[in-house]
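Geometric and topological summary
Single-letter residue listing:
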Amino acid sequence: MAHFPTSISILNVAGELLGTSRHDGSVAVDSSFALRSLLRGRIDRYQEMLVRGAGGAHSMLHENRLVDQAISDFLWQD
C-alpha cells in the first residue's frame, strides 16, 4: 500500500443478486468493498456503488445502464 498512488480516484462497483447471501454470483459484496478499509485516508476520492437485482449479476455489471451512467458521472464530475 505504501506504493499505491494517492492522487487516484476509484469507483468501486459491486453487484448483489436478490435472494442470495449478498453476492453477485461470483464475488461477495463484503469482498468487493474490502478495498474501502485498505484505502481509507490514502486516496483523494473513493466511491462505492451497489447494484441489486438481475442487473447486479457479476457478468452483467458491464451491461448495466445504471453502471454506465455512474461511471460517466464519476469520470466527468467537476
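This one's a predicted model, so the numbers in the text were calculated from it and none came from an experiment. (Residues numbered from 1 in each chain as written. Predicted model: local features only at pLDDT ≥ 70, side-chain atom pairs only at ≥ 80, totals over all residues. Heavy atoms only, no water.)

Considering the nonpolar core
To be explicit about the condition: Only buried residues count toward a nonpolar core, which is a set of Ala, Val, Leu, Ile, Met, Phe, Trp, Tyr and Cys residues joined through side-chain atoms within 4.5 Å. Burial here depends on accessible area, computed with a 1.4 Å probe over protein chains only, as a share of the maximum for the residue type. Under 20% is buried, over 50% is exposed, and the range in between is partly exposed. Numbered from the N terminus, helices here are DSSP runs of H or I no shorter than four residues, and strands are runs of E no shorter than two. Throughout, a residue-residue contact means that at least one pair of heavy atoms, one from each residue, lies within 4.5 Å.
Grouped together as the largest cluster of nonpolar side chains are five residues: Met49, Val51, Leu61, Val67 and Ala70. For this core, the secondary-structure elements that each account for two or more residues are β2 (45-52) and α3 (65-76). Leaving out residues up to four positions away in the same chain, Val51 has contacts with Val13, Ala14, Gly15, Glu16, Gly56, Leu61, Asn64 and Val67.

Focus: the pattern of salt bridges
The cut-off we apply is this: Put simply, a salt bridge is a Lys or Arg side-chain nitrogen that is within 4 Å of an Asp or Glu carboxyl oxygen.
For the coordinates displayed, the defined rule picks out three salt bridges. The partner of Glu16 in a salt bridge is Arg52, and the shortest N-O contact between them spans 2.9 Å. Residue Glu16 is located in strand β1 (residues 9-16), and its partner Arg52 is located in strand β2; the two are separated by 36 residues in the primary sequence. A relative accessible area of 9% means that Glu16 is categorised as buried. Overall, the relative accessible area of 55% leaves Arg52 in the exposed class. Here the salt bridges do not stand alone but share partners, grouping Glu16, Arg22 and Arg52 into one network.

Digging into α3
We count it as follows: One less than the residue count of a helix, multiplied by 1.5 Å, gives the span that helix is expected to have. By definition, the arc is the one covered by directions from the helix axis to the C-beta atoms.
Along its twelve residues, α3 runs 16 Å from first to last C-alpha, staying within 8% of the 16 Å computed at 1.5 Å per residue. Buried within α3 are the following residues: Val67, Ala70 and Phe74. Angularly, the buried residues of α3 cover 60° about the axis, an arc narrow enough to put them on a single face. Of the residues in α3, the exposed ones pointing more than 90 degrees away from the buried face are Arg65, Leu75 and Trp76. Where α3 is buried, its residues meet β1 and β2.

Let's talk about the side chain of Asp24
So the rule is basically this: Under this rule, positive means Lys or Arg and negative means Asp or Glu; His and the chain ends count for nothing. In the analysis that follows, any N or O atom pair within 3.5 Å is treated as a polar contact, provided that within protein one partner can donate a hydrogen and the other can accept it, and provided that, for residues neighboring in sequence, both atoms belong to side chains.
For Asp24, the location among the structural elements is in the loop between β1 and α1 (29-32). Among buried Asp, Glu, Lys and Arg side chains, Asp24 stands out as unpaired, with Arg22 the closest opposite charge at 12 Å. A polar contact is formed between the side chain of Asp24 and the side chain of His58, at a distance of 2.8 Å.

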